[in-house]
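So the chains spell out like this:
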Amino acid sequence: MIGSAVTAVLGPTNTGKTHRAVERMLEHESGMIGLPLRLLAREVYDRITARLGEQRVALVTGEEKRIPRRPQYWVCTVEAMPRNLEVEFVAVDEIQLASHPQRGHVFTERLLDARGTKETWFMGAASMQPIIAELLPAARIQSFPRLSRLAFAGAEKLARLPQRSAIVAFSMQEVYEVAERLRATRGGAAVVLGALSPRTRNAQVAMFQSGEVEYIVATDAIGMGLNLDVKHVAFAALRKFDGRDVRDLEAAEIGQIAGRAGRYTSDGSFGTLAPLTLPQGLANAVEAHRFPAVRRLMWRNADLDTSSIDGLLASLRRSPGRRSLVLQESAEDAAALARLAQDPAIRARAQGPEAVELLWEVCRIPDYRKLLFESHVALLAEIFAHLAGPRAWIDEAWMDERVREIDDPAGDIDTLIARISAIRTWTYVSHQGRWVKDPAAWQERTSAIEDRLSDALHERLVQRFVEKSGGGNKARAAQGPTRKPAPTRAELRAMDKANPFGKLAALKAPQAREAGGASTDEARWVESVVAARHAAIGVDESGRVTFEDGRELGRLVRGSSLLLPDVKLAALLELGAGARARITRRLVAFARDLVEELCAPLRAHAPRGLGAAARGILYQLEQGLGTARAEDAAAQIAELAPEDRDKLAAAGIVVGARVLYVPAMLKGPALSRRSALVAAFAGAKAPRAPGPSVVSMPITRIAEMSLHTAVGYPVFGPRAVRADVVEKVFAAIEEDGGLPPAGKLAGWLGCPAKEAAKVGAAILGEARSEAAAPEPASAAKA
């Protein structure tokens, strides 16, 4: 896109590339960031929504779409990035994956074609610098030093690894073996596999991050930017199966994984599990972040010919015509198309551009199950037969039969992982919209099944890989006290007996061995809170936050400003630290959404092209939660251009003689939200809005005048008067040429007659509000 500045931010791990990109995106009015993993996309989404709330941020992956009504920012997997979405800023992370044998062509396409209207960033390894300079000669190359030192620690036995270590293996069997040994000698470990659902992965990572376990065993998925509190990375193997062959790890791959150690300014180390050793030359290269430059990127033609199957196949095989680009020949979707093209029945149905495009969409269903390729192709053939048939959607009974057989939380770890992989296929299908008769219902159903399977899987992982009794006590005693003290007997009695999110020390207690159904129920409740829509969480005028089932979650408390409250979690003693941290993140996002919802009349309808004075008025109104005193904005009002005054009025903003206010923010729900935010900020000194039918209320000495204004009732004389009533009374007094009789004025103001004259005079500007003494009268209704 002409005019879009392109920047390549390149360098080793822990240079803050993704963080910088997110911060830069949020400086723009709109943006989109593409990430290499569904798990990483969810992590970044969680981080952004904790700042902005969920109403301004969309999450789009192959199997999950959380899209609010008017999102400003989009967090996506690279494959799922909407192609025709116009945003100011676009970023793609881990751009070195453009050389990946299977996925590389997607990253290369984004490198060559994805652009923001104002700015575009590509983040990745420094080894990409030469080829980016060749392909994008106008791109600006930026690099930053690693924020911490990474040192080689040699080989070490598993029993002697330091706490906060991540052990990396490259097969599920290796992961299981290492985790079993850690349970026996060190009390247990969290487990992260690429096949885990985000729900299970988040629960496992939360255990490690909160200190419930001191070790994590993972596959190389850990190397793709997942941010963990890891001090040491130990390689349990240096060979991996890449989908085609078992091969040695490349130096850059080792560096990417080892770089997970030492986050931000904390130094980290890496090594191997004895007796495995790492050649010293390779270790030196990892320490110095020196790796061979990427010279070739995978490429595939994006301008496809869908006039026929043969035309589509030919266009997919078109040569890139450039030496630095290599034709992608091993992509899963193209292989599936080539196989289906051999089926006469498929060819008979795929006649014409529309049918060929549909076939190609079906071929792009990922092979989540990773069974025999023939099994995946057979499933694709069945799906296409349904979609190309007379109904043009998948038969519900046929799909129901396949989904129902997956919906079983019984079984061991491998069985549950296989079922989660299988349900992901149907989740993907349900998100294609026109492929199923009732997309929303199928999405809800498949998501619920994945949730149930994920909860059961997390429970099995805890049961299998976390010490239940005895085994690690000696090792722990030798290490000294752990990060968290063991719970007391009273705490144990208060905890769910087999809660997989509970403090892991509780698993040592005899009652924890009494397997019961309560644990899964509690885990599901935690996940229902974490995944809840905004409307499922409520807040009262005191700032108390509750879930839709009535259970208290916490409170809003004072943050850095009135518009940025913090949250304090309720006791929830039955939950472990990991689960509590995840609920806290959700509540922070809820607090941001609360402010966004309240300020929507100001933010959503604020006219563009306003002058400085008008922008200053909007700022003051936002800082006052929708109300400001005219005397505090006198300078801006004096400089307000007539056309800007008209624009503000058209947007529903009243610039009055005595107050500025937004009528929509004086209604019942808005007043309640304002009271909650003021209560969080001011605590016991906070006034509360009395309700929309009450036009004034007595003031108290302990509340600041600005707090009354923030709840929509600025102070005039001895009372706080609702902003719109202030303007109505002022206009009536002006029209009458002076203060009316006390009884009439008291009726307008909803206050005792003896106070009416003082309030009226203050509104008229003939007396100052602080001269009147407050009275303990109760709020009067109009």
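Procedures and definitions
Residues numbered from 1 in each chain as written. Predicted model: local features only at pLDDT ≥ 70, side-chain atom pairs only at ≥ 80, totals over all residues. Heavy atoms only, no water. Phe/Tyr/Trp six-rings, centres within 6.5 Å; stacked < 30°, edge-to-face > 60°. Helix = DSSP H or I, 4+ residues; strand = E, 2+ residues; numbered from the N terminus. Buried < 20%, exposed > 50% of the residue type's maximum accessible area, 1.4 Å probe, protein only. pLDDT = per-residue confidence, 0-100. Contact = heavy atoms within 4.5 Å. Expected span 1.5 Å × (residues − 1). Lys, Arg positive; Asp, Glu negative; His and termini not counted. Salt bridge = Lys/Arg side-chain N within 4 Å of Asp/Glu carboxyl O. Polar contact = N/O pair within 3.5 Å; in protein donor to acceptor, adjacent residues only side chain to side chain.

Draft legend 1. Main features of the packing of aromatic side chains. Applying the stated criterion across every chain yields a total of five aromatic pairs. Both rings, one in F89 and one in W121, keep their centres 5.9 Å apart while their planes meet at 65 degrees; by these two values the pair is edge-to-face. Residue F89 is located in strand 6 (residues 89-92), and its partner W121 is located in strand 7 (residues 119-124); the two are separated by 32 residues in the primary sequence. For the pair F89 and W121, a shared accessibility class is recorded, and that class is buried.

Draft legend 2. How the structure looks around the confidence of the model for the chain. Looking at the chain as a whole, the pLDDT averages 86, with 89% of positions reaching at least 70. Predicted confidence is poor over residues 469-518, with pLDDT under 50, and the contacts of this stretch with residues over four places away or in other chains come to 90 contacts. Low confidence marks residues 767-782, where pLDDT is under 50. Its contacts with residues over four positions away, or in another chain, come to 37 contacts.

Draft legend 3. Region of the structure containing helix 2 (residues 38-52). For helix 2, spanning 15 residues, the distance from its first C-alpha to its last is 21 Å, which sits close to the expected 21 Å at 1.5 Å a residue. Across the 15 residues of helix 2, 13 count as buried, placing the element largely inside the fold. G53 sits one or two positions beyond helix 2 and adopts a positive phi of about 85 degrees.

Draft legend 4. Layout of the environment of D566. Within the secondary structure, D566 is located in strand 22 (residues 564-569). Taking the C-alpha atoms as reference, D566 lies 9.3 Å from R592; in sequence the two are 26 residues apart. D566 has contacts with R555, L556, V557, R558 and G559, leaving out every residue within four places of it along the chain.

Draft legend 5. The arrangement of the side chain of K17 in detail. Along the chain, K17 turns up in helix 1 (residues 17-26). Despite its burial, K17 pairs with no opposite charge; the closest candidate is E94, at 6.4 Å N-O. Only 2.6 Å separates the side chain of K17 from the backbone oxygen of P12, close enough to count as a polar contact. In terms of polar contacts, K17 uses its side chain to reach the side chain of T15, at 3.2 Å. Once residues lying within four places of it in the same chain are set aside, the contact partners of K17 are V9, L10, G11, P12, M123 and G124.

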